[in-house]
Amino acid sequence: MEALTIHEAAETTGWSARMLRYVERTGLVNPARSSSGYRLYGPAELQRLRTLKELLAGFDIGLSDVAFAARLNSEPQLRAAVQTWLEAQPRRPEHVDPDDWLRFEQNKHEKLLAAA
């Protein structure tokens, strides 16, 4: 099978070699490797890259959006956690007085920022 190196694939597809490495790291495209470890892009990988570009343009989304969607598809716990968060309604903790709720949330954010 004939294949292109990463630089040839970058030139052919319009993606930079750096972006092709990122696309591979996210698992969206998995090129074969030569015996010496070089990435080899065949027709299937080139098609995948082309249709990925079409998807990004067609829905005005970023590469990270598709990578995250792929993670949601392959990680059931992540998918469940995101779904739970999307369905959750904000609720004041029972032990927090309504007048203190804003200050309580501000303190939580400050602690998160301090830990980061």
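Our structure is the block above this text.
Here's what I pulled together on the structure shown here.

Cut-offs used in this document
Residues numbered from 1 in each chain as written. Predicted model: local features only at pLDDT ≥ 70, side-chain atom pairs only at ≥ 80, totals over all residues. Heavy atoms only, no water. Helix = DSSP H or I, 4+ residues; strand = E, 2+ residues; numbered from the N terminus. Rg over C-alpha atoms; globule rule 2.2 N^0.38 Å. Buried < 20%, exposed > 50% of the residue type's maximum accessible area, 1.4 Å probe, protein only. Contact = heavy atoms within 4.5 Å. Areas by Shrake-Rupley, 256 points an atom, 1.4 Å probe, with all protein chains shown as cover. Lys, Arg positive; Asp, Glu negative; His and termini not counted. Charge placed at Lys NZ, Arg CZ, Asp CG, Glu CD. Polar contact = N/O pair within 3.5 Å; in protein donor to acceptor, adjacent residues only side chain to side chain. Salt bridge = Lys/Arg side-chain N within 4 Å of Asp/Glu carboxyl O. Core = buried A, V, L, I, M, F, W, Y, C linked by side-chain atoms within 4.5 Å.

So, the overall build of the protein
Tallying secondary structure elements over the protein gives 6 helices and 2 strands in all. Going residue by residue from the N terminus, the α and β elements of the protein occur as α-α-β-β-α-α-α-α. The C-alpha atoms of the protein give 22 Å as radius of gyration, which overshoots the globular expectation for 116 residues (13 Å, by more than 25%). With respect to the principal axes defined by its C-alpha atoms, the protein has extents near 70 × 30 × 25 Å. Among the 116 residues that make up the protein, the fraction classed as buried is 20%. Summarising the internal contacts of the protein: among those between residues at least 6 apart in sequence, 40% fall at separations of at least 24. Counting only carbon and sulfur atoms, one obtains 54% of the accessible surface of the protein, whose full area is about 9,100 Å². Taking the average location of the 15 positive side-chain charges in the protein and that of its 16 negative ones, the two points are 4 Å from each other.

As for the side chain of threonine 13
Mapping threonine 13 onto the fold places it in helix α1 (residues 6–13). For threonine 13, a relative accessible area of 19% puts it in the buried group. Here alanine 9 takes part through its backbone oxygen, which lies 2.8 Å from a polar atom of the side chain of threonine 13. Within the structure, threonine 13 has its side chain in polar contact with the backbone nitrogen of tryptophan 15 (distance 3.2 Å). In this structure, threonine 13 is in contact with Leu46, Leu49 and Lys53, ignoring residues within four places of it in sequence.

As for the pattern of salt bridges
If the charged atoms of two oppositely charged side chains come close together, the side chains can form a pair. Taken as a whole, this structure holds 5 salt bridges when the rule is applied. A salt bridge links arginine 33 to glutamate 24; its shortest N-O distance comes to 3.2 Å. Its relative accessible area of 43% is what places arginine 33 among the partly exposed residues. For glutamate 24, a relative accessible area of 17% translates into the label buried. Its salt-bridge partner being arginine 103, residue aspartate 100 comes within 2.7 Å of it at the nearest N-O pair. Relative accessible area serves as the criterion here: at 31%, aspartate 100 is assigned to the partly exposed category. Look at the salt bridges and you will find they share partners, linking Glu24, Arg33 and Arg39 into a network.

Things to note about the nonpolar core
Core analysis: the largest hydrophobic core is formed by 16 residues, its most contacted members being Trp15, Leu20, Val23 and Leu52. For this core, the secondary structure elements donating two or more residues are α1, α2 (17–25), α3 (43–59) and α4 (63–74). If sequence neighbours within four positions are ignored, leucine 52 has contacts with Trp15, Val23, Leu28, Leu63 and Val66.

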